There are 2 protein chains.
Amino acid sequence: MVFVKTHDISELTSELIGKQVVLGGWIEDLRKLGKMSFITLRDVSGISQVIVKGELNDNLGEINRQSVVSVKGIVQETKARDFAFEIKAEEIEVLGKAIHPLPVDPIGRVESNIDTRLNHRALDMRNQKTASIFKLRHYVLQSLRKTLVGKKFIEITTPKIIGSASEGGANLFSLEYFGKKAYLAQSPQLYKEQMTIGLERVFEISNFYRAENSHTGRHLSEFTSIDIEAAFMDYNDVMDVLESLVMDVYKFTSENCKKEQEIIGHTIEVPKSPFERITYNQCIEELKSAGEKVEFGDDLLDSHLRIIGNNHPGFFFLTDWPMKLKPFYIREKDEDPELSRSFDLQYGYLELSSGGTRLHNPERLKNRLREQDLDPAQFTDHLKAFDWGMPPHSGWGMGLDRLMTTLIGIDNVREVVLYPRDPDRLSP
Amino acid sequence: MVFVKTHDISELTSELIGKQVVLGGWIEDLRKLGKMSFITLRDVSGISQVIVKGELNDNLGEINRQSVVSVKGIVQETKARDFAFEIKAEEIEVLGKAIHPLPVDPIGRVESNIDTRLNHRALDMRNQKTASIFKLRHYVLQSLRKTLVGKKFIEITTPKIIGSASEGGANLFSLEYFGKKAYLAQSPQLYKEQMTIGLERVFEISNFYRAENSHTGRHLSEFTSIDIEAAFMDYNDVMDVLESLVMDVYKFTSENCKKEQEIIGHTIEVPKSPFERITYNQCIEELKSAGEKVEFGDDLLDSHLRIIGNNHPGFFFLTDWPMKLKPFYIREKDEDPELSRSFDLQYGYLELSSGGTRLHNPERLKNRLREQDLDPAQFTDHLKAFDWGMPPHSGWGMGLDRLMTTLIGIDNVREVVLYPRDPDRLSP
């Protein structure tokens, strides 16, 4: 039989009853009952029952579960409760055999730990919970781009191989590039700022790299970042953009991914808007009230953020951080130069995004570099763009993987990344 | 003045006549005529004329062209032919000074070569031709994803840092990864094949890396690739997907990017469909007729492809290549095992895409690896997935940058990549 799939399982409708279809998928279950066999056939779209009788049943032989088959047959009504229709098989061909036993159970009856599942990620994708997470991610990406395109941001692609260690230079992967030393970009920060000169509002959703020896559920060496930068916007404006982006993702997936929510076993609750905006100084007061020994200028530790996160569950902005805690490109507040026009978007204790108004004056930018013991000569290519008529601009970067964990209600970013990379994991 | 931009220039309508607006943009031209000045103000969306009179004009001082300003003023009708409206200025503030002279002329009156423009890419983005290319690219990305999502492909993100040299190992960038040797991915080939096990139809649009010491107008070390892989599809099916994808891109940009085409000075002509499908054997005959000394099994040289490209201008598929010219994962034709189920999409002599039906039988795949002097042990992580019920599958990868050059009618991919990377170019 030359195999041409005519329908996804989800495309079977009552109009097809009595008609011949060809399906392709994998055998989730197979029960032989004497003169009949029942196959539970799954494809990416859904699940169906296949009835095998007569000669075809006699010649069926041994087929391991999870093997891939094509099924030609007639669509008919079914009495089985779990299926809308069933297929009376006319031809069955095994296209891809599955070994038995398999290294993980794709039905999820036997639970495997995350490492085992990641080591067999392709098979893990037959687990409907895992598949649903990545279908959800597919919708999240669509929602993100729809919102940003709607707000007239232009999609750009910045280089990931860079010639100089931007943003200070810590935690960079380095490589040899035709006899020169190069690095993998940690973020599109400098490039996206430069692009505001002519394109005004830009965004990028791409992979970036951090050589940080972290072993937590929220750090990876390769992560997907959503970045925007916008001319003529203040940090309050880009917080507004970020807030509507997050709201849209929640609304879009809540409405369009009912099946995925059901399978994952988590209902996406659209958060309340507007998100609370709490200043760093307020945080310090809250922490002091909670008995913590903190002073203005201290960075907030994970333990601090857990206290603040408990006080403010869900999404909130943490704004106006001390300048000394912020990277060189962040702009101070006019009314209090010790404070910056900056923010983090938090989900409880989890930092999702960091952003702010940028310095756009080249002299002040050079001074800030020197204040942070960075050498302006290392930033020549970047700094020269600030002499060409640089608009005031603001932006942020948000970790897509972390956003996904809030949406699904899980802790480990490895659940939402196909093939995660961390200090211990470089394969598959 | 606290600056809040109220409108993009393209948002000015006759309903706003007599009303106050605040614009932000850069000064493309400034003419002082005694008691009046005329400013040509441009932003990402368009161009407007600003009239400065009275005290404001007296205090205007020197402002270099290309400086970024905010303009508060009243919208009024204009007699100037080039503008729909003009703004009678009430306040003008210089937000970002431009030096004079600038290293490249953003108006494009003085032409700069591509290297000079790339060295000052941010400023080059003020050149409306350059900006239009990247606006067009933004629309192309939207069209690509719309078509693939419509055909029920699921967007995935594969790792770019990989632990073993896939696809043979030539031309890979290597890096140190927490004490281990790692590589930058050349393509998502092995990962996207694995994903068909559970997700069936997947796509990715992302950057990949090739350490090839090429100095041509169509090779870069970092390039954007569009990749698909689909279970239960033959190479003819994925050629159909590719053809409609290309057709959709041409139709979408032809209709939605009128202004960009005008500025670039190139009209996007929707190609004729279906694309011709020419076999490798036909090519060899054509080349022989043209007096070339070629035999079955020879790879087609650039000079050959130029002859074939002249015979078949525009898009065509070049199919059924000899197996020995194809990578290990390509499947042979049942009726002639020396030929493969493979294709290239050509635009004249330019190769845009390469694809085919894949081997999905693990034993045959291992044999092919050995035939190509590759060690199956190097591919353990990949091969084991073929024991879990691998569906027959096909796919292709297409260079986005090359596709863009066909759309715009230019030769050099550097024109369509923001910050290109080649053996000589690692910055900015």
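Quick notes on the rules
Residues numbered from 1 in each chain as written. Chains lettered and ligands numbered in written order. Predicted model: local features only at pLDDT ≥ 70, side-chain atom pairs only at ≥ 80, totals over all residues. Heavy atoms only, no water. UniProt positions renumbered as here; feature names shortened; annotations may be inferred. Pairing = 2+ DSSP bridges. Helix = DSSP H or I, 4+ residues; strand = E, 2+ residues; numbered from the N terminus. Axes fitted to C-alpha atoms, helices over the stretch in contact; angles between N-to-C directions. 1 Å grid on protein atoms, 1.4 Å probe; cavity = no way out; pocket = protein on both sides within 12 Å on 5 of 7 lines; lining within 4 Å. Points joined across faces, edges and corners; volume = space filled by probe spheres on them. Contact = heavy atoms within 4.5 Å. Buried area = accessible area lost by both parts, 1.4 Å probe. Salt bridge = Lys/Arg side-chain N within 4 Å of Asp/Glu carboxyl O. Polar contact = N/O pair within 3.5 Å; in protein donor to acceptor, adjacent residues only side chain to side chain. Nonpolar A, V, L, I, M, F, W, Y, C, P; charged D, E, K, R; others polar. Least-squares fit on C-alpha atoms with pLDDT ≥ 70 in both. Buried < 20%, exposed > 50% of the residue type's maximum accessible area, 1.4 Å probe, protein only.

- Chain A has the name Aspartate--tRNA ligase in an unreviewed UniProt entry, where Nitrosopumilus maritimus is given as its organism.
- According to the UniProt record, the Subcellular location (unreviewed entry) comment for chain A reads "Cytoplasm".
- Listed under Subunit (unreviewed entry) in UniProt, the entry text for chain A is "Homodimer."

1. Some points on the sheet that holds strand β1 (residues 20-33) of chain B
Residue and element names in this part refer to chain B.
Okay, so step 1: Around the barrel, 5 strands lie side by side as β1-β2-β3-β5-β4; this closed barrel has mixed pairing. Strand-to-strand twist across the sheet, computed as the mean angle between neighbouring axes with direction ignored, equals 50°.
Okay, so step 2: With 3 bridges joining them, strand β3 (residues 46-53) and strand β5 (residues 86-96) adopt parallel strand pairing. When the bridges of β5 are listed, Gln 49 appears paired with Glu 86.

2. Quick look at empty space enclosed by the protein
Okay, so step 1: Enumeration over the complete set of coordinates arrives at 9 cavities of 30 Å³ or more.
Okay, so step 2: Roughly 240 Å³ of internal volume is contained in the largest cavity.
Okay, so step 3: What lines the largest cavity is a set of 22 residues, and nearest its centre among them are A:Arg145, A:Ile205, A:Ser206, B:Ile205 and B:Ser206.
Okay, so step 4: Size it by volume and the second largest cavity reaches roughly 140 Å³.

3. Some thoughts on the interface of chain A and chain B
Okay, so step 1: If you look at the interface, chain A gives 95 residues, while chain B gives 95 residues.
Okay, so step 2: In terms of surface lost to chain B, no three residues of chain A exceed A:Phe232, A:Trp388 and A:Leu426, which account for 10% of the buried area on that side.
Okay, so step 3: Our count for the chain A to chain B interface comes out at 10 salt bridges.
Okay, so step 4: For B:Lys5, the salt bridge goes to A:Glu200, with nearest N and O atoms at 2.7 Å.
Okay, so step 5: Where chain A touches chain B, the interface holds 46 residue pairs in polar contact (both at pLDDT 80 or more).
Okay, so step 6: The dominant element in the side of chain A that touches chain B, judged by the number of residues it contributes, is helix α4 (residues 128-150) of chain A, at 9 residues.
Okay, so step 7: A breakdown of the residues in the side of chain A that touches chain B according to their chemical character gives 47 nonpolar, 22 polar and 26 charged.

4. Examining the relation of the copies chain A and chain B
Okay, so step 1: It takes a turn of 180° to lay chain A on chain B, together with a shift of 0.0 Å along the axis; the resulting RMSD is 0.0 Å. The superposition of one copy onto the other is thereby described by a two-fold rotation axis. No C-alpha of chain A approaches the rotation axis more nearly than that of A:Leu175, which lies at 2.4 Å.
Okay, so step 2: Both copies share a contact surface, since 100% of the interface residues of chain A are interface residues in chain B too.

5. Describing the pattern of salt bridges
All names here are of chain A.
Okay, so step 1: This model, assessed by the stated rule, comprises 64 salt bridges over all chains.
Okay, so step 2: We note a salt bridge from Lys 366 to Glu 363, for which the minimum N-O separation is 3.5 Å. A residue pair is termed a helical-turn pair when its members lie 3 or 4 positions apart in one helix, as Lys 366 and Glu 363 do in helix α10 (residues 362-371) at 3 residues.
Okay, so step 3: Judged by its relative accessible area of 46%, Glu 363 is partly exposed.

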